[in-house]
Amino acid sequence: MSADTAFPPPNGSRACPRSASVCPNRASPIWVGEGGPRSGSSEGNALSGHIAPSPACSAGTLPRRGGRAFLALFLTLACLLVGALWRYAATLPPLDLTQASLRSTVILDRKGQLLRPFATADGRWRLPVTAGEVDPRYLAMLKAYEDRRFDSHPGLDPAATLRAAWQWLTHGRIVSGGSTLSMQVARLVEPRAERSLPAKLRQMVRAVALERTLGKAGVLDLYLALAPYGGPVEGVRAASLAYFGREPARLSFAESALLVALPQAPETRRPDRFFANARRARDRVLDIATERGVLTADEARAAKAEPVPVARKQFPMLAAHAAEQAHAADPEARVQHLTLDARLQASLEALAAERAAAAGPALSAAILALDNRTGAVLAHVGSAGYLDAARAGAVDATAAVRSPGSALKPFIYALAFENGLAHPETLLDDRPARFAASYAPENFDMGYRGTVTARVALQQSLNLPAVDLLDAVGAARFVARLRGAGATILLPRDTAPGLPVALGGLGITLTDLARLYAGLARGGSVPALTRRLDGPAAAPGPERRIAEPVAAWYVADILRGAPPPENALPGRISFKTGTSYGYRDAWAVGFDARVTIAVWIGRPDGASVPGLVGRSHAAPILFDAFARFGGEPEALPRPRDALVVATAALPPPLRHIRRDAPKTFAATLGVPLKIAYPPDGARVDLGLSDGAQARLALKALGGQPPLTWMVDGLPVAEAMRRQSDWSPEGAGFARISVMDAAGASDSVVVRLE
């Protein structure tokens, strides 16, 4: 029991000279004992906390003759108590706070907001909390009700202890425990079933030891974390979340009073089981807080009018998949700060659930948001509802390997731009074609556009131009580029990369796809994802690139002009959609300079969903997600070397992708131009790894001088003769092209070492 729950007679009253049990003309005594009602009284009566004095025992003063005897007895009791405590303390083992220090694991967002707590190993909800994280009004009410002199006593309240001892002597049993908050903490740290004098002495000794070891703040923090609230709920933070659905930093007077009252009898006052008991206990705390000046009468009256919760609420479960992964990765860390933004996370979880429900039964959705500047994960929505078994909500779709459909086309174009094969205004053919004698892809709408620019082909997601470009750059080289950028790419078993990868003939996760698009937003540099703010710093690794800066900007500029979904504004973000074969997966990924957001919707079991298309299902979610992210989209800065011209102003080799088509009429006359050295596909060792400067000889046959030599689309030399040279900046692949005065051209790809 607390030091102040049982009260002495009111000021000015005379104490009954005889035992309360035999005092004439007096009602049966009602006392509140330690941790709840005593003397067999009902919950309602025990809450009164007062002894009802008879008129014969309520006036006058102690007889002068008995005053000295009482004082002598009082001092004797005090000396005996101190001596007993001193001798008893020597017999106790050292205080062990190991179990008391155990807390539930809590996963927090970047600002410290709770995302998801986890129960302890034995199933208790005991969340870490300190007095600084609790409403000051609750603390004031707690001290007023439980231990008015908490801030001044050394762990024991002498007045309350001697009063309890006197009552024990006069009644022959424990009437009031005289427990301070420190003694209650001692009982929570070392729980014991017996209610005896040795048990009380042990609590006293431990209370003093706790205060000397932890100080007032430490003892109060232990109480706030360990106080029982019924069932597996322990501590004021867990109780506030369980009964009110929010943190205890801001509580009403009624809520504070209920949290003060429950630990005295946590099982018989649980509001979800014993509503009336909980209400009476709360109102009693409000009355005492009013008597002791914590509340005004009007505040107490208004607080009593508030309803008492009748059911426990679910603990927060934001970012359930991300929290689960963080806990599994570091199970010993009791507090983990993730890079997630709780506000954005909650908004996108609601969006995913709403759109998946509208799309049809058994469908799920996933959304991932990345900070382009840092690689931090801002939102991780793994499903349409973690607890929704009908949609397999426990499956984290951000980590599932799925077919991306057309979502990888931008990276084919980036590779072609980087290697000087094409430019956003290069003409491509969108007409029926057959590749490798057997592969004949078709467009999604089964139609053809004829000759279009690369810009239009990518914005309209035409299949034939994308496959034509992949054929030019090489499927194996394209897959190697994706893997080199850090993406995990899965191909059908026992098959080499082929042209179908342009249209989704491989497997990739939403997380990796988001990283690749974030690389476009960062000028081609793919970020390493950061998920924890307080975790160990990752060792810096080599830079991973998906494209060179100019090629990345070309793609971003093209995608910014892609036609948006219905009712969305055009030209705000760069985005691309994808639909896998058989309508199994719908994708949409968008970015600006600030953030990349990736969306997937489909069935977790991979079943077909007729009509499931990226543009109509995933793209609207993407644009809504950007709206919920907030702020104005930021365009990517244009690189200095970007060539922004019309098709006619391009160098002749870049005007059309067809290598067998002359770029001008004059190119049809004379000996055809061909690069003699280096040969196509050669590996040339120039000793570049040693840091030495070297020059590569360039030789051509045929054509009409002067000849213009280009490397990766940029001019490097012009000569009247058919021989020249070039000094590479470093090792790697290079596309070397030559163009003559008539507009004829030839290109080779070599590897410099």
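Residues numbered from 1 in each chain as written. Predicted model: local features only at pLDDT ≥ 70, side-chain atom pairs only at ≥ 80, totals over all residues. Heavy atoms only, no water.

## Here we look at the packing of helix α13 (residues 409-418) against helix α18 (residues 549-560)
Packed helices, taken two at a time, are described by the angle their axes make and the gap between the axes. Note the cut-off: In this description, a line fitted to the C-alpha atoms serves as the axis of each element, helices being fitted only across the stretch in contact, and the angle between N-to-C directions of two axes falls anywhere from 0 to 180 degrees. The helix count covers DSSP runs of H or I at least four residues long, the strand count covers runs of E at least two residues long, and both are numbered beginning at the N terminus. An angle counts as roughly parallel when it lies under 35 degrees, as roughly antiparallel when it exceeds 145, as roughly perpendicular when it falls between 65 and 115, and as oblique in every other case. Each helix crossing is assigned a hand: it is left-handed if the near helix lies turned anticlockwise from the far helix by less than a right angle, otherwise right-handed if that turn is clockwise. Residues count as neighbours in contact if any of their non-hydrogen atoms are within 4.5 Å of one another. Ten residues, namely Ala, Val, Leu, Ile, Met, Phe, Trp, Tyr, Cys and Pro, are considered nonpolar, four, namely Asp, Glu, Lys and Arg, are considered charged, and the remaining ones, Gly among them, are considered polar.
Direction vectors running N to C along α13 and α18 enclose 135°, while the axes themselves pass 8 Å from each other. On the basis of the axis angle, α13 is oblique to α18. Of the two elements, α13 crosses α18, and the hand of that crossing is right-handed. Note on element contacts: α18 touches α13 through A551, Y554, V555, I558 and L559, opposite P410, Y413, A414, F417 and E418. Split into classes, the residues belonging to the contact of α13 with α18 amount to nine nonpolar, no polar and one charged.

## Focus: the environment of A649
Basically, it comes down to this: Classification of residues uses two cut-offs on accessible area relative to the type maximum, computed with a 1.4 Å probe and protein chains only: under 20% is buried, over 50% is exposed, and between them is partly exposed.
Inspection of the secondary structure assignment puts A649 in the loop between α19 (614-629) and β17 (674-677). Overall, the relative accessible area of 52% leaves A649 in the exposed class. A sequence separation of 224 residues divides A649 from E425, and the C-alpha atoms of the two residues are 9.5 Å apart.

## Examining the pattern of salt bridges
To be explicit about the condition: In what follows, salt bridge is the name for a side-chain nitrogen of Lys or Arg lying within 4 Å of a carboxyl oxygen of Asp or Glu.
The full count for this structure, using the stated rule, is 36 salt bridges. Across the pair R455 and D557 runs a salt bridge, and its minimum N-O distance is 3.1 Å. Of this pair, R455 sits in helix α14 (residues 454-459) while D557 sits in helix α18, and the two are 102 residues apart along the sequence. The class for R455 is partly exposed, based on a relative accessible area of 22%. Assessed through its relative accessible area of 28%, D557 is described here as partly exposed. In this structure, the salt-bridge partner of R532 is D534, at a minimum N-O distance of 3.0 Å. For D534, a relative accessible area of 34% corresponds to the partly exposed category. Beyond isolated ion pairs, a larger network of salt bridges with shared partners links D122, R124, R126 and E234.

## Section: the layout of surface pockets
Using a probe with the size of a water molecule, rolled over the atoms, empty space left in the structure can be pinpointed. Applied cut-off: Grid points spaced at 1 Å over the protein atoms alone were grouped into cavities, where a 1.4 Å probe fits but cannot get out, and pockets, open sets with protein on both sides within 12 Å along at least five of seven lines, with lining residues defined by an atom within 4 Å of a point. Grid points are joined across faces, edges and corners, and a volume is the space filled by probe spheres set on the points.
Quantified by volume, the largest pocket comes out at close to 1,200 Å³. Residue lining of the largest pocket: 40 residues in total, with E418, E548, V711, D712 and L714 positioned closest to the centre. Contributions of two or more residues to the lining of the largest pocket are made by α13, α16 (475-484), α18, β20 (707-711), β21 (714-719) and β23 (732-739). A per-class count over the lining of the largest pocket returns 24 nonpolar, eight polar and eight charged.

## So, the sheet that holds strand β22 (residues 723-726)
Where strands meet in a sheet, backbone hydrogen bonds hold them as pairs that are either parallel or antiparallel. Using the following cut-off: Pairing between strands requires that DSSP locate at least two bridges from one strand to the other.
The strand order across the open sheet formed by three strands is β17-β19-β22, and the pairing between neighbours is antiparallel. Of all the strands in the sheet, just β17 and β22 have a single pairing partner and so form its edges. When strand polarity is set aside, the average angle formed by the axes of neighbouring strands in this sheet is 35°. Here three bridges tie β17 to strand β19 (residues 696-701), and the two strands are oriented antiparallel to one another. The partner of I675 across the bridge, within β19, is A700.

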